[in-house]
Amino acid sequence: MIAEKNPIEQIIAAEKNKSLQSIGEKIFNKERITEEDGLLLFEKAGLPYVGALANYIRERLHGNKTYFNRNFHIEPTNVCVFSCAFCAYSRLYAHREEGWELSADQMMHIIESYDGKPVTEVHIVGGVHPKLNLQFFITLMKRIKAHRPDLHIKGYTAVELDYMFRKAKVSNEEGLKILHEAGLDSLPGGGAEIFHPEIREQICADKVDADGWLKIHETAHKLGMHSNATMLYGHVEKFRHRIDHMERLRRLQDETGGFKTFIPLKFRNKDNDMSHVAESTVVEDMKLYAVARLYMDNFPHLKAYWPMLGRQNAQLTLSFGVNDLDGTIDDSTKIYSMAGSEEQHPSLTTAQLVSLIKQAKREPIERDTLYNEIKNYKDIDEVEMETNALYN
């Protein structure tokens, strides 16, 4: 008697393109797909096919679990010495009167405003301001840890760190050691954009290049710090540039294992120097997430950053490989709202996030920054959560 094929095997067998069918068989058999395979998925595969494969991998890795955390952002400044064509957030240092610059006391007041609230992470990123140097942030982190030792500090993109370290005349290793000892727990994934020099030259020529970005994350991993990685997609890049970007990350992850999450970030075209570039469609977004899940086989988690996509589209990604929706945010970031994202005041209560996940027939899991599970909300009623004020 011939054993009946399971649903994903049936989907693979039904694919008429033999090359795509072969890629599906590799994925089913836990074999790594190549750069050529990834490019073919972008160019030739239909959304239902890549979506089914990505969902299969997502459920093989995480079942129905979908993660989120209780977090807030601090953006020290939007004044920046760099001029990225896609950025609607920053103001050049020469025009710094148009931007903002928070003092250490102002940032500590933000930290203190969360006293008694069950947040687990503060995410600190902003523009590259020459006055906010390495010593400034060392002092800030020491103050945060002295006030709230258990709060995980995820801070500073590789772009910020590269500038800090060069200005302070310290190596990546020296600078990261100092920051880590002062209280920095992990790195976010920002500033990666698109690694390929053809694209980087067009959209962010004056900031740290791909090798510099990767070296900072490699150094952090070797010091025992975890980090995330992003990719800004849907602008002037081609499919081959996306694959090149993901391949460089995948190779580094093979070496260090230090990345926790891959986070594709959708280009938004409001109020920046690339406003003439059309944004990607929802179908293109879902395909990008699906291919990312299939290609980034050594990244444990794939995140959809809901303030950038909007909550409904972020919810949709849970069927295309995504297993993380970031966190509550608490209207503490302006980076995407200033660029025209659907979420102009990004904030969700825990109850709202739980409801969003449950509506997609997934299991809501509150996590910490490093994906240690804090609470499973599968059997907790959201109305009860609101009533008992468990949503802060």
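Residues numbered from 1 in each chain as written. Predicted model: local features only at pLDDT ≥ 70, side-chain atom pairs only at ≥ 80, totals over all residues. Heavy atoms only, no water.

This paragraph deals with the sheet that holds strand S1 (residues 65-69). What the four strands build is an open sheet, ordered S11-S1-S12-S13; its pairing is mixed. The strands lining the two open edges of the sheet, one partner per strand, are strand S11 (324-327) and strand S13 (373-376). In this sheet, adjacent strand axes meet at a mean angle of 30 degrees when their direction is disregarded. Bridge count for strand S12 (residues 363-367) against S13 is three bridges, and the pairing is antiparallel. Note that in S13 the partner of Glu-366 across the bridge is Lys-375. Strands S1, S11 and S12 of the sheet are contacted by helix H15 (residues 350-359), whose axis makes an angle of about 160 degrees with S1. (Pairing = 2+ DSSP bridges. Helix = DSSP H or I, 4+ residues; strand = E, 2+ residues; numbered from the N terminus. Axes fitted to C-alpha atoms, helices over the stretch in contact; angles between N-to-C directions. Contact = heavy atoms within 4.5 Å.)

Let us look at the pattern of salt bridges. Tallied over the entire structure, the rule returns 25 salt bridges. The partner of Asp-185 in a salt bridge is Lys-145, with the nearest N and O atoms 2.8 Å apart. Highlighted residues: Asp-185 in the loop between helix H8 (172-182) and strand S7 (186-187) and Lys-145 in helix H6 (residues 134-147), separated in sequence by 40 residues. What makes Asp-185 partly exposed here is its relative accessible area of 24%. One salt bridge connects Arg-166 with Asp-162, and the closest N-O pair in it is separated by 2.9 Å. Of the two residues, Arg-166 and Asp-162 both sit in helix H7 (residues 158-168), four residues apart, roughly one turn of that helix. Through salt bridges with shared partners, one network takes in Glu-35, Glu-247, Arg-250 and Arg-251. (Salt bridge = Lys/Arg side-chain N within 4 Å of Asp/Glu carboxyl O. Buried < 20%, exposed > 50% of the residue type's maximum accessible area, 1.4 Å probe, protein only.)

Right, let's get into the state of the cysteines. One pass over the full model with this rule turns up zero disulfides. In this structure Cys-80 is not part of a disulfide, and its nearest cysteine sulfur, from Cys-84, lies 6.5 Å away. With no disulfide of its own, Cys-84 has Cys-204 as its nearest cysteine by sulfur position, at a separation of 5.2 Å. (Disulfide = S-S within 2.5 Å.)

Turning our eyes to something else, we now look at the nonpolar core. Residues Met-246, Leu-249 and Phe-262 are the most contacted members of the largest nonpolar core, which totals 104 residues. By residue number, the principal contributor to this core is helix H12 (residues 282-295), which donates eight residues. Leave out the neighbours within four places in its chain, and Leu-249 touches Phe-195, Trp-213, Leu-214, Ala-229, Thr-230, Phe-259, Phe-262, Met-296 and Phe-299. Grouped together as the second largest cluster of nonpolar side chains are six residues, Cys-80, Phe-82, Val-128 and Val-159 included. (Core = buried A, V, L, I, M, F, W, Y, C linked by side-chain atoms within 4.5 Å.)

What follows covers the packing of helix H2 (residues 18-28) against helix H4 (residues 47-62). Put simply, H2 and H4 touch, their axes get as near as 11 Å, and they point 5 degrees apart. In terms of their interaxial angle, H2 and H4 are classed as roughly parallel. Across the interface between the two elements, Leu-20, Gln-21, Gly-24, Ile-27 and Phe-28 of H2 pack against Tyr-49, Leu-53, Tyr-56, Ile-57 and Arg-60 of H4. Partitioned by chemical class, the residues of the contact of H2 with H4 number seven nonpolar, two polar and one charged. (Parallel < 35°, antiparallel > 145°, perpendicular 65-115°, else oblique. Nonpolar A, V, L, I, M, F, W, Y, C, P; charged D, E, K, R; others polar.)

Here we come to helix H3 (residues 35-44). Listed as buried for H3 are Asp-37, Gly-38, Leu-41 and Phe-42. Viewed along the axis of H3, the buried residues span an arc of 140 degrees, placing them on a single side of the element. Residues of H3 that are exposed and angled more than 90 degrees away from the buried face: Glu-36 and Lys-44. In this structure, the buried residues of H3 make contact with H2, H4, helix H11 (239-256) and H12. (Arc of directions from axis to C-beta.)

One pass over the structure, following the stated rule, counts 12 aromatic pairs. Each member of the aromatic cluster is reached from another via a ring pair, and the members are Phe-195, Trp-213, Phe-259, Phe-262 and Phe-299. For Lys-117, the ring lying beneath its charged end belongs to Tyr-114, and the centroid distance is 5.3 Å. Just above the ring of Tyr-371 sits the side chain of Arg-367; from NZ or CZ to the centre is 4.3 Å. (Phe/Tyr/Trp six-rings, centres within 6.5 Å; stacked < 30°, edge-to-face > 60°. Lys NZ or Arg CZ within 6 Å of the ring centre and 35° of its normal.)

To continue, consider unusual backbone geometry. The backbone of Lys-30 shows a phi angle near 65 degrees, a positive value even though the residue is not glycine. Residue position: Lys-30 is located in the loop between H2 and H3. Judged by relative accessible area, which is 65%, Lys-30 ranks as exposed. Positive phi, close to 60 degrees, is recorded for Lys-169, a residue that is not glycine. With respect to the helices and strands, the residue Lys-169 is situated in the loop between H7 and H8. The exposure class of Lys-169 is exposed, given its relative accessible area of 75%.

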